[in-house]
Amino acid sequence: MSDEDDLQSAWEDDGQIVIALPIHQTRHHANKSLTRIVRKHIAEQKGRAVSDPRSSKAPYHLNTALHIKGVKLAFDIWDHRNGCALDPIPQRISQKLAQNVRIAHAVGLSYKGDRAADPKGADERRSLSTQVSRYLRLANSMIENAAYGRFP
């Protein structure tokens, strides 16, 4: 086959574009002309193909982004709160602290407050207790939603 035969077959085929560019053009202008011609004839498809989650056969579907460490921490806190933790709260953690603060120390939550403030004050206890309450609410929500086939 010759170039003329290839050109003739491409010219007659509706599924192909035949492009002719003048040689005296700069490369920049030739690229712009080529891009304009291609955009005119070929639709642009952006992104990637994503499978439809409704076609999944998984018994439980994720409703939100899942952070493994956060889920583990939430269930560790739930275990301590409900008395079914494998490791009880260590004796080194004072019995005088509120239960949420003791649980926070047992699972390794830390206070990240203002450096100028007293790190052992009411702000620390309030912050740790709030963190434990949030994780506990998350764990309870996940447990309740599992009955409806939703996780997390």
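Everything numeric in this text was worked out from a predicted model, so none of it was measured. (Residues numbered from 1 in each chain as written. Predicted model: local features only at pLDDT ≥ 70, side-chain atom pairs only at ≥ 80, totals over all residues. Heavy atoms only, no water.)

K.L.:
Give a description of the overall build of the protein that names residues and reports values.
P.N.:
When you go through the protein residue by residue, the secondary structure sums to five helices and zero strands. The order of α-helices and β-strands along the protein, N terminus first, is α-α-α-α-α. A burial count over the protein gives 17% of its 152 residues as buried. For the protein, the proportion of contacts with a sequence separation of at least 24, taken over those separated by at least 6, is 53%. When the accessible area of the protein is evaluated, it comes to approximately 12600 Å², of which 52% is carbon and sulfur surface. (Helix = DSSP H or I, 4+ residues; strand = E, 2+ residues; numbered from the N terminus. Buried < 20%, exposed > 50% of the residue type's maximum accessible area, 1.4 Å probe, protein only. Contact = heavy atoms within 4.5 Å. Areas by Shrake-Rupley, 256 points an atom, 1.4 Å probe, with all protein chains shown as cover.)

K.L.:
Please provide a residue-by-residue account of the nonpolar core, values included.
P.N.:
Leu73, Ile77, Ile89, Ile93, Val101, Ile103, Ala104, Leu109, Leu128, Val132 and Leu136 form the largest nonpolar core, which has 11 residues in total. Those elements that provide at least two residues to this core are α3 (68-81), α4 (99-107) and α5 (122-146). Ignoring anything within four residues of it in the chain, the contact list for Val101 reads Arg125, Leu128 and Ser129. (Core = buried A, V, L, I, M, F, W, Y, C linked by side-chain atoms within 4.5 Å.)

K.L.:
Pulling in residues and values, what's your account of α5?
P.N.:
Here α5 spans 36 Å end to end across 25 residues, near enough to the 36 Å set by a 1.5 Å rise per residue. Buried residues along α5 sit in contact with α3 and α4. (Expected span 1.5 Å × (residues − 1).)

K.L.:
Mind laying out the packing of α3 against α5, listing which residues take part and the relevant values?
P.N.:
Where α3 meets α5, the axes come as close as 8 Å, and the angle between the chain directions of the two elements is 95 degrees. One finds that α3 runs roughly perpendicular with respect to α5. In this structure, α3 uses Gly70, Val71, Leu73, Ala74, Phe75, Ile77, Trp78 and Arg81 to contact α5, whose residues at the interface are Val132, Tyr135, Leu136, Leu138, Ala139, Asn140, Met142 and Ile143. A breakdown of the residues in the contact of α3 with α5 according to their chemical character gives 13 nonpolar, two polar and one charged. (Axes fitted to C-alpha atoms, helices over the stretch in contact; angles between N-to-C directions. Parallel < 35°, antiparallel > 145°, perpendicular 65-115°, else oblique. Nonpolar A, V, L, I, M, F, W, Y, C, P; charged D, E, K, R; others polar.)

From the geometry alone we can't say anything about function, so treat these as descriptive.
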